[in-house]
Amino acid sequence: QVQLVESGGGLVQAGGSLRLSCAASGGTFSSYGMGWFRQAPGKEREFLTAINRSGSSTYYTASLQGRFTVSRDNAKNTVFLRMSSLKPEDTAVYYCAATGNTRTWATVTGAYDYWGQGTQVTVSS
């Protein structure tokens, strides 16, 4: 019912910045909490951040150390992830996801109902 398409990935040098977008269609975008994950080769999918339906509250995993910022524009059915001070270890496929269950912060993959196809981010040293 909900389709998600990530964009904005690419190759960037260490220390640089990148802004990812996730465009949603189908359903009512403002009724879903949104999350960002990443997955490096041979690794499990890792939770990064989540944002509530209105965009008034956000949640971040401590490992990001303030380098990533999530936001959303419900009028444009889009959620964003701004990344700065990028490191080679940030290299991964980045995914956005939507959840209709918003009672608590969703930090595991199983809590999300819909996923995008992912966008590759490669950070060179």
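All values derive from a computational prediction rather than experimental measurement.

Undergrad: Looking at this structure, how should I read the sheet that holds strand β7 (residues 68–73)?
TA: Two modes of strand pairing occur in sheets, parallel and antiparallel, and in both the strands are linked by backbone hydrogen bonds. As summarised here, the arrangement of the four strands in space is β1-β3-β8-β7, forming an open sheet in which the pairing is antiparallel. The open sheet has two edge strands with one neighbour each: β1 (3–7) and β7. Recorded for the sheet is a direction-independent mean angle of 15 degrees between the axes of neighbouring strands. Sheet analysis places strand β3 (residues 18–25) next to strand β8 (residues 78–83), joined by six bridges and oriented antiparallel. Note that in β8 the partner of S21 across the bridge is F80.

Undergrad: Is there a simple way to think about unusual backbone geometry in this case?
TA: Among all residues except glycine, the phi angle is most often negative; among peptide bonds, the trans geometry is most common. Phi at N77 takes a positive value of approximately 55 degrees, unusual for a residue other than glycine. Phi is positive for S85, which is not a glycine, with a value near 50 degrees. Among the secondary structure elements, S85 is positioned in the loop between β8 and β9 (92–99). With a relative accessible area of 40%, S85 lands in the partly exposed category.

Undergrad: Help me understand the layout of surface pockets in this model?
TA: It is the rolling of a water-molecule-sized probe over the atoms that shows where space remains empty. Approximately 160 Å³ is the volume attributed to the largest pocket. For the lining of the largest pocket, the elements supplying multiple residues, two or more each, are β4 (33–39) and β5 (46–51). Class assignment for the residues of the lining of the largest pocket results in six nonpolar, six polar and two charged.

Undergrad: Before we go on, may I ask you to explain the environment of K76 in this structure?
TA: Secondary-structure assignment places K76 in the loop between β7 and β8. Judged by its relative accessible area of 62%, K76 is exposed. A sequence separation of 53 residues divides K76 from A23, and the C-alpha atoms of the two residues are 8.0 Å apart.

Undergrad: Can you help me understand the packing of aromatic side chains in this one?
TA: Ring pairs (aromatic) are described by centroid distance and by the angle formed between their planes. Evaluated as defined, the whole model comprises eight aromatic pairs. With 6.0 Å between their ring centres and 40 degrees between their planes, F47 and Y59 make a pair best called tilted. Linking F47 in strand β5 with Y59 in strand β6 (residues 58–60), this pair joins segments that are twelve residues apart in sequence. Its relative accessible area of 35% is what places Y59 among the partly exposed residues. Ring-pair connections join several aromatic residues into one group, and the members of that group are F37, F47, Y59, Y95, W105, Y112 and W115.

Undergrad: Looking at this model, I keep getting lost on the state of the cysteines. Mind explaining?
TA: In a disulfide, the sulfur atoms of two cysteines are held together by a covalent bond. Inspection of the entire model under this criterion finds one disulfide. Between the sulfur atoms of C22 and its disulfide mate C96 the distance is 1.9 Å. Its S-S torsion of approximately 50 degrees makes the covalent link between C22 and C96 right-handed. Remark: C96 occurs in strand β9 and C22 occurs in strand β3; sequence separation between them is 74 residues. Judged by relative accessible area, which is 0%, C22 ranks as buried. Among the residues examined, C96 registers a relative accessible area of 0% and is labelled buried.

Cut-offs used in this document
Residues numbered from 1 in each chain as written. Predicted model: local features only at pLDDT ≥ 70, side-chain atom pairs only at ≥ 80, totals over all residues. Heavy atoms only, no water. Pairing = 2+ DSSP bridges. Helix = DSSP H or I, 4+ residues; strand = E, 2+ residues; numbered from the N terminus. Axes fitted to C-alpha atoms, helices over the stretch in contact; angles between N-to-C directions. Buried < 20%, exposed > 50% of the residue type's maximum accessible area, 1.4 Å probe, protein only. 1 Å grid on protein atoms, 1.4 Å probe; cavity = no way out; pocket = protein on both sides within 12 Å on 5 of 7 lines; lining within 4 Å. Points joined across faces, edges and corners; volume = space filled by probe spheres on them. Nonpolar A, V, L, I, M, F, W, Y, C, P; charged D, E, K, R; others polar. Phe/Tyr/Trp six-rings, centres within 6.5 Å; stacked < 30°, edge-to-face > 60°. Disulfide = S-S within 2.5 Å.

Taken by themselves, the reported measurements are silent on function.
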